[in-house]
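Tertiary structure, described
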Amino acid sequence: MRVVLDGVSKGRGNQALSPTSCRIETGFVTVAPVDTERGPSVLSLIMAGRMRPDKGTVTCDGQRDYRRLRHGFAMVD
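Let me begin by describing the structure that accompanies this report. (Residues numbered from 1 in each chain as written. Predicted model: local features only at pLDDT ≥ 70, side-chain atom pairs only at ≥ 80, totals over all residues. Heavy atoms only, no water.)

Brief notes about the overall build of the protein chain
Scanning the protein chain for helices and strands turns up two helices and three strands. Going residue by residue from the N terminus, the α and β elements of the protein chain occur as β-β-α-β-α. Expected size for 77 residues packed as a compact globule is a radius of gyration near 11 Å; at 11 Å, the protein chain falls within 12% of this value. Expressed along its principal axes, the backbone C-alpha trace of the protein chain runs to roughly 30 × 20 × 20 Å. Taken across its 77 residues, the protein chain has 31% of its residues classed as buried. Considering only intrachain contacts with a sequence separation of at least 6, the fraction spanning at least 24 residues in the protein chain is 46%. (Helix = DSSP H or I, 4+ residues; strand = E, 2+ residues; numbered from the N terminus. Rg over C-alpha atoms; globule rule 2.2 N^0.38 Å. Buried < 20%, exposed > 50% of the residue type's maximum accessible area, 1.4 Å probe, protein only. Contact = heavy atoms within 4.5 Å.)

Written as structure tokens, this is what we have:
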């Protein structure tokens, strides 16, 4: 599975997550820097399809498929 986030942001004035782009792929470790306290949680939720970005796009294997993301990710707290 390959998930590409392109310019995703969340919150009024990007308070929760400023525009962020990254790619994650099965079998690889990805580190994505964020600049807010809530950024890691918000970015993880967007990557996993459990939260939609206010701006930007999220694709899973080239398609916008939030259902597939939700079913393909396990969130562990």
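Back to the text.
Digging into the pairing of strand 1 (residues 2-10)
Strand residues, when the strand is regular, have side chains that alternate between the two faces of the sheet. The pairing of strand 1 with strand 2 (residues 17-25) spans six bridges and is classified as antiparallel. By the bridge assignment for strand 2, lysine 10 is matched with leucine 17. Linkage of strand 1 to strand 2, two consecutive antiparallel strands, is achieved through a turn of six residues, within which glycine 11 is found at a positive phi near 95°. Sheet analysis places strand 1 next to strand 3 (residues 55-60), joined by five bridges and oriented antiparallel. Following the sheet pairing, leucine 5 is matched in strand 3 by valine 58. (Pairing = 2+ DSSP bridges.)

Overview of the side chain of lysine 10
Here lysine 10 is to be found in strand 1. In terms of polar contacts, lysine 10 uses its side chain to reach the backbone carbonyl oxygen of arginine 52, at 2.8 Å. What lysine 10 contacts, discounting residues up to four positions off in sequence, is Gln15, Ala16, Leu17, Val42, Ile46, Met51, Arg52, Pro53 and Asp54. (Polar contact = N/O pair within 3.5 Å; in protein donor to acceptor, adjacent residues only side chain to side chain.)

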